[in-house]
Amino acid sequence: GQQVMQIPQYQHVQEGEDFTTYCNSSTTLSNIQWYKQRPGGHPVFLIQLVKSGEVKKQKRLTFQFGEAKKNSSLHITATQTTDVGTYFCAAYTGGGNKLTFGTGTQLKVEL
Amino acid sequence: NAGVTQTPKFQVLKTGQSMTLQCAQDMNHNSMYWYRQDPGMGLRLIYYSASEGTTDKGEVPNGYNVSRLNKREFSLRLESAAPSQTSVYFCASTLDSFSEAFFGQGTRLTVV
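Parameters and conventions
- Residues numbered from 1 in each chain as written.
- Chains lettered and ligands numbered in written order.
- Predicted model: local features only at pLDDT ≥ 70, side-chain atom pairs only at ≥ 80, totals over all residues.
- Heavy atoms only, no water.
- Core = buried A, V, L, I, M, F, W, Y, C linked by side-chain atoms within 4.5 Å.
- Buried < 20%, exposed > 50% of the residue type's maximum accessible area, 1.4 Å probe, protein only.
- Helix = DSSP H or I, 4+ residues; strand = E, 2+ residues; numbered from the N terminus.
- Phe/Tyr/Trp six-rings, centres within 6.5 Å; stacked < 30°, edge-to-face > 60°.
- Contact = heavy atoms within 4.5 Å.
- Buried area = accessible area lost by both parts, 1.4 Å probe.
- Salt bridge = Lys/Arg side-chain N within 4 Å of Asp/Glu carboxyl O.
- Polar contact = N/O pair within 3.5 Å; in protein donor to acceptor, adjacent residues only side chain to side chain.
- Nonpolar A, V, L, I, M, F, W, Y, C, P; charged D, E, K, R; others polar.

Asker: Which residues make up the nonpolar core, and what are the values?
Answerer: Of all hydrophobic cores here, the largest spans 20 residues; its most connected members are Trp-34 and Phe-63 of chain A. Mapped onto this core, the elements with two or more residues apiece are strand 3 (19–25), strand 4 (32–37), strand 5 (44–49), strand 7 (61–65), strand 8 (71–76), strand 9 (85–93) and strand 11 (105–110) of chain A. Membership of the second largest hydrophobic core comes to 19 residues, among which are Ile-46, Phe-74, Leu-78 and Val-111 of chain B.

This is how it looks when you write it as structure tokens:
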């Protein structure tokens, strides 16, 4: 089965509310990536985290990599309707070349 | 640059029919992947090819075969389609095992 678990599966928020999705692995990861998939579209790369405890920001998006490199989070501040989509974490597992995706969190933003 | 190109975009098959999904990338990437996406299941890896000449099973390889024809092309074959293979299929490529993945537009396959 998948080695990268993601929660929650769904999240409905009102526009302006914050949103967080969490990614957990049973094994230490060399790096972790985050992708966004708009409805009807394909996943698009957002960012990669490599270092233990790393925090990166992209405008209203904040990405964190855990100290043990086994978990990660994506936080969106003050959601907008343009944030609608499914957010996936992904990591190279199984010795290096196998890119495994989490189950994704589907975000819906209501006006 | 086209990036990753998948064909066809849509396909309807009858149970038992066979078909090949084509994928090509023009970014000189070493690794290529096939995923299927079903509601609530995320992206599940079917097969991948770490480099030209190699292929490996992912999480859900049963019922599929792949061919890494050359560095650019990685095809996915369904020998005898089943309704359980109704899904959206994505091909992706990466430069190496430390790089971002680029995805094709997807193939929406329905098996009736």
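Asker: Could you give me a rundown of the packing of aromatic side chains, with the residues and numbers involved?
Answerer: Under the defined criterion, the tally for this structure stands at 12 aromatic pairs over all chains. Seen in terms of ring centroids, Tyr-35 of chain A and Phe-45 of chain A are 5.6 Å apart; in terms of plane orientation they differ by 75°. Their pairing is edge-to-face. Placement of the pair is Tyr-35 of chain A in strand 4 and Phe-45 of chain A in strand 5, with a sequence separation of 10 residues. Classification of Phe-45 of chain A by relative accessible area gives partly exposed; the value is 22%. Judged by centre distance (6.1 Å) and plane angle (80°), the ring pair of Tyr-35 of chain A and Phe-103 of chain B falls under edge-to-face. Of the two residues, Tyr-35 of chain A is situated in strand 4 and Phe-103 of chain B in strand 10 (residues 102–103); the pairing between them involves two chains. With respect to class, Tyr-35 of chain A is no different from Phe-103 of chain B; both count as buried.

Asker: Tell me about the interface of chain B and chain A, residues and numbers included.
Answerer: Each partner contributes to the interface: chain B provides 24 residues, whereas chain A provides 23 residues. With both sides pooled, the region where chain B packs onto chain A buries about 1900 Å², and carbon together with sulfur makes up 55% of that total. Along the contact surface separating chain B from chain A lie 0 salt bridges. Put simply, chain B and chain A have 8 residue pairs in polar contact (both at pLDDT 80 or more) between them. If you list the elements that add at least two residues to the side of chain B that touches chain A, you get strand 4 (31–38), strand 5 (42–49) and strand 9 (87–94) of chain B. Broken down by element, the side of chain B that touches chain A gets its largest block of residues, 5 residues, from strand 5 of chain B. Counted by class, the side of chain B that touches chain A contains 11 nonpolar, 9 polar and 4 charged residues.

Take it as geometry only, folks, not as evidence of what the structure does.
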